[in-house]
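As a plain string of letters, each chain reads:
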Amino acid sequence: MKTTRWTAALTGTAAALAMATAVPATAAPDPLGRFHHQRLTWKPCTLGPGDEIGAELDKAGARCAGVTVPLDYTRPDGRTITVAISRLAASGPRIGTMILNGGGPGPALDMPPYMRGIMGEAGTRYDLVAMDPRSLGRSTPVDCGWPAGTWIKGAGVTRRSYGRAAAFAKDLAARCARTNARMLPHISTRNIARDMDVVRSALGERKVSYNGASYGTVLGQVYASMFPGRLDRVVLDSSQDLFTWGPRTLVGVEQANERGLAGWAAWTAERDAEYRLGDTRTAVLATVHRILKASGRAPLAVGRHRLDDTMVPLVLFTALDTDEDAARANLAASVRVLADAAAGRPARPTPQLDEQLTYLLTGAEGRDASGQAAIICGDGAAPRDPALYWRDVQRTRHAAPMFGPVSHNIGPCAFWPTRPAEPPTRTVGPLPALMVAATGDTRTIYERNEVVHRQLRGSRMITLPANVHAPYQRGYPNTCVMTTVNGYLLTGRLPGRDLTCPPEPGQLS
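Residues numbered from 1 in each chain as written. Predicted model: local features only at pLDDT ≥ 70, side-chain atom pairs only at ≥ 80, totals over all residues. Heavy atoms only, no water.

Visitor: I keep staring at the overall build of the protein chain and nothing clicks. Help me out?
Guide: When its secondary structure is counted, the protein chain shows 19 helices and 11 strands. A compact globule built from 509 residues should have a C-alpha radius of gyration of about 23 Å, and the protein chain, at 24 Å, falls within 12% of that. Each principal axis of the C-alpha atoms in the protein chain carries an extent, and together these give about 85 × 50 × 45 Å. Out of the 509 residues belonging to the protein chain, those deemed buried represent 57%. (Helix = DSSP H or I, 4+ residues; strand = E, 2+ residues; numbered from the N terminus. Rg over C-alpha atoms; globule rule 2.2 N^0.38 Å. Buried < 20%, exposed > 50% of the residue type's maximum accessible area, 1.4 Å probe, protein only.)

Structure below.
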């Protein structure tokens, strides 16, 4: 692929030759020129009745546009697709444009109004731009008609359960092969980074600032590697290293999630009168494992939903990304319902649990799940032998009985119909970013943040002793984190050294 950097190198070579021969040089044409210089048409964001995202964006004063990009950057004259963006213009003295990504990979279009509130005084100083990555949200989608909102499952407690999980993963991949075969080879973080650079250029910016969390830190690193010198101020919140990113990125997070579960169990034991799950941490954990075993014998009936042993761990896993009381209370209420179901009693889900199970067990949000998997499978190849995953699951059961069978389980990338089109990005180079990392993060574990910090020369890292993922973008209540990040965004000055922000009362568990 000929990027603008390569074109610039050719132009420089031509200029040197012209000086030697005294013949005027002609700049090589930019093969992406029509994309870089396209005129954007800004419109209201609401698409129709019931469009809550669009309505919130319009209420905040944002505008939306579609950016045309090549499906295949090696063939810029071929098929094009659309990347959807939103922009909330600066209302104070303008610093520049900041591109936002909240992780997943998932849609990001709705982020500008929320992030303006998070960013304090700095929030009004930027044009806040969010982009739905290719395959997701309002961008040209990869919609495989999946019957679930996530490709993640546990392996269950028996080989038969694992067989169901493997069949589920194989079916998901087959659906994408049938419906999106032409799109899949071109869905990857490297192509999303190329799209992001087209957005930068179409906005008329020489440089942009960037604020990414979780997967957003992967995108930020890849962009910095592919397009050096085009980033200004950079915040990376809960960083994922490029070495372990890919189809097996969950491998290694199981112990952090077991510790998170234990922390929640201790919190719940102190409230046994309310939740009746056990009056000690050990007792609460025993209740959880009884639920898992019962779901292995027969699916649990929870209202209109049925949960087997491949799904019960997901109810826990998806709720362990923060140690805030409200989240822990929601999980305790959910487990109380599951305990009733495991005991054969009528089990009516709470509204939060019903919403969660609808996401996990139905195709209501399956479109973005398949788009997410397309990115992950496009970023790296997965082992193809199902027996390998089963062996890994069995090896991790003793040390991580609840979450080892989740993090080591097979997924659709093992059956994906295409291979990655290019090698993944592994190195970045100097990047004076401000990083935020929590010691008890259950998603992008602290050790991975340390790897990124070492790789990004010139970066500074804020450490927060808390059990939380993406503390800055979440708006986790820690004054030190928020004022430090927002001060950097306002002034452009990094802290002189790495620092640890002490937890506020009641936060450290």
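Visitor: Any chance you could explain the sheet that holds strand 10 (residues 460-464) here in plain terms?
Guide: Each strand in a sheet pairs with its neighbour through backbone hydrogen bonds, running either in the same direction (parallel) or in the opposite one (antiparallel). Across the sheet, 9 strands lie side by side as 1-2-4-3-5-6-9-10-11; this open sheet has mixed pairing. Here the strands that pair on one side only, and so sit at the sheet edges, are strand 1 (63-70) and strand 11 (499-500). Of the strand pairs in this sheet, strand 10 and strand 11 are connected by 2 bridges, and their pairing is parallel. Residue pairing in the sheet places Ile462 in a bridge with Leu499 of strand 11. (Pairing = 2+ DSSP bridges.)

Visitor: Sorry, what's going on with the state of the cysteines here?
Guide: Think of a disulfide as a covalent bridge from one cysteine sulfur atom to another cysteine sulfur atom. In the structure shown here, the tally under the stated rule is 4 disulfides. Covalent S-S linkage joins Cys45 and Cys64, the inter-sulfur distance amounting to 2.1 Å. Judged by the sign of its S-S torsion, about 105°, the cystine formed by Cys45 and Cys64 is right-handed. Of this pair, Cys45 sits in the loop between helix 2 (33-36) and helix 3 (52-60) while Cys64 sits in strand 1; the two residues are 19 residues apart in sequence, bridging distant segments of the chain. Residue Cys64 is classed as buried on the basis of its relative accessible area, which comes to 10%. (Disulfide = S-S within 2.5 Å.)

Visitor: What is the right way to look at the packing of helix 8 (residues 254-269) against helix 12 (residues 325-342) in this model?
Guide: For any two helices packed against each other, one specifies the inter-axial angle together with the distance between the axes. For the pair helix 8 and helix 12, interaxial distance at closest approach is 10 Å and the crossing angle is 80°. Here helix 12 runs roughly perpendicular to helix 8, going by the angle between their axes. Mapping the contact onto sequence places Gly263, Trp264, Trp267 and Thr268 in helix 8 and Asp325, Arg328, Ala329, Leu331, Ala332 and Val335 in helix 12. Looking at the contact of helix 8 with helix 12, its residues break down into 6 nonpolar, 2 polar and 2 charged. (Axes fitted to C-alpha atoms, helices over the stretch in contact; angles between N-to-C directions. Parallel < 35°, antiparallel > 145°, perpendicular 65-115°, else oblique. Contact = heavy atoms within 4.5 Å. Nonpolar A, V, L, I, M, F, W, Y, C, P; charged D, E, K, R; others polar.)

Visitor: Please explain the packing of aromatic side chains as it appears in this structure.
Guide: The geometry of an aromatic ring pair is captured by two quantities: the separation of the ring centres and the angle between the planes. Scanning the model with the defined rule gives 5 aromatic pairs in all. With a centroid separation of 6.2 Å and 35° between ring planes, the pair formed by Trp267 and Tyr275 is classed as tilted. Residue Trp267 is classed as buried on the basis of its relative accessible area of 9%. In this structure, Arg443 is placed above the aromatic ring of Phe317, and the distance from its NZ or CZ to the ring centre is 4.1 Å. (Phe/Tyr/Trp six-rings, centres within 6.5 Å; stacked < 30°, edge-to-face > 60°. Lys NZ or Arg CZ within 6 Å of the ring centre and 35° of its normal.)

Visitor: Even after reading the chapter, I still don't get helix 10 (residues 281-297), so can you show me in this structure?
Guide: Three- or four-residue spacings in an α-helix give side chains the same orientation, since the helix completes a turn every 3.6 residues. The first and last C-alpha atoms of helix 10 sit 25 Å apart over 17 residues, in line with the 24 Å expected at 1.5 Å per residue. Of the positions making up helix 10, those classed as buried are Val284, Thr287, Val288, Ile291, Leu292, Ala294 and Ser295. Along the axis of helix 10, the buried positions cluster into a sector of 165°, meaning they face one direction only. In this structure, helix 10 carries Thr282, Arg290, Lys293 and Arg297 as exposed residues pointing more than 90 degrees from its buried face. Elements in contact with the buried residues of helix 10: helix 8, strand 7 (300-302), strand 8 (305-307), helix 11 (312-317) and helix 12. (Expected span 1.5 Å × (residues − 1). Arc of directions from axis to C-beta.)

Visitor: Looking at this structure, how should I read unusual backbone geometry?
Guide: Excluding glycine, residues mostly carry a negative phi; peptide bonds, for their part, are mostly trans. Along the chain, Gly104 connects to Pro105 via a cis peptide bond; the corresponding omega equals 5°. Along the chain, Pro105 turns up in the loop between strand 3 (96-101) and helix 4 (111-118). The phi torsion at Ser238 lies on the positive side, around 65°, for a residue other than glycine. Topologically, Ser238 is positioned in strand 6 (residues 231-239). Within the chain, Arg276 stands out as a residue other than glycine whose phi angle is a positive 55°. On the basis of relative accessible area, Arg276 is assigned to the exposed category, the value being 53%.

Visitor: Just to check I follow, could you spell out the packing of helix 10 against helix 12 for this structure?
Guide: As a packed pair, helix 10 and helix 12 sit with axes 9 Å apart at the nearest point and diverge in direction by 50°. Put simply, helix 10 runs oblique to helix 12. Read as a crossing pair, helix 10 and helix 12 show a hand that is left-handed. Across the interface between the two elements, Thr287, Val288, Ile291 and Ala294 from helix 10 touch Val335, Leu338, Ala339 and Ala342 from helix 12. Tallied by class, the residues present in the contact of helix 10 with helix 12 amount to 7 nonpolar, 1 polar and no charged. (Left-handed = near helix turned anticlockwise from the far one by under 90°.)

Visitor: How should I be thinking about the nonpolar core in this particular structure?
Guide: It is characteristic of soluble globular proteins that their nonpolar side chains tend to be buried jointly. The biggest cluster of nonpolar side chains holds 119 residues, and the ones touching the most others in it are Ile85, Trp146, Leu231, Trp264, Val302 and Trp416. Those residues in contact with Trp146, other than ones at most four positions away along the chain, are Trp151, Leu172, Arg175, Cys176, Gly363, Gly366, Ala369, Ser370, Ala373, Pro412 and Trp416. Of all hydrophobic cores here, the second largest spans 34 residues; its members include Leu88, Met98, Leu128 and Tyr476. (Core = buried A, V, L, I, M, F, W, Y, C linked by side-chain atoms within 4.5 Å.)

Visitor: What is the right way to read the pattern of salt bridges from this model?
Guide: Working definition: two side chains of opposite charge can pair if their charged atoms are close together. If you walk through the whole model with that rule in mind, you get 19 salt bridges. For Arg175, the salt bridge is made with Asp171, and the minimal N-O distance between the two is 2.7 Å. Residue Arg175 and its partner Asp171 are both found in helix 5 (residues 159-179); the two are separated by 4 residues, about one turn of the helix. Its relative accessible area of 23% is what places Arg175 among the partly exposed residues. (Salt bridge = Lys/Arg side-chain N within 4 Å of Asp/Glu carboxyl O.)

Visitor: What is the right way to read the pairing of strand 9 (residues 434-438) from this model?
Guide: Looking along a regular strand, one sees side chains alternate from face to face of the sheet. Burial runs high along strand 9: 5 of the 5 residues are buried. When strand 6 meets strand 9, the two strands line up parallel, connected through 3 bridges. Within strand 9, the residue paired with Leu236 across the bridge is Met435. Across 5 bridges, the pairing between strand 9 and strand 10 is parallel. Counted as the bridge partner of Met435 is Met461 from strand 10.

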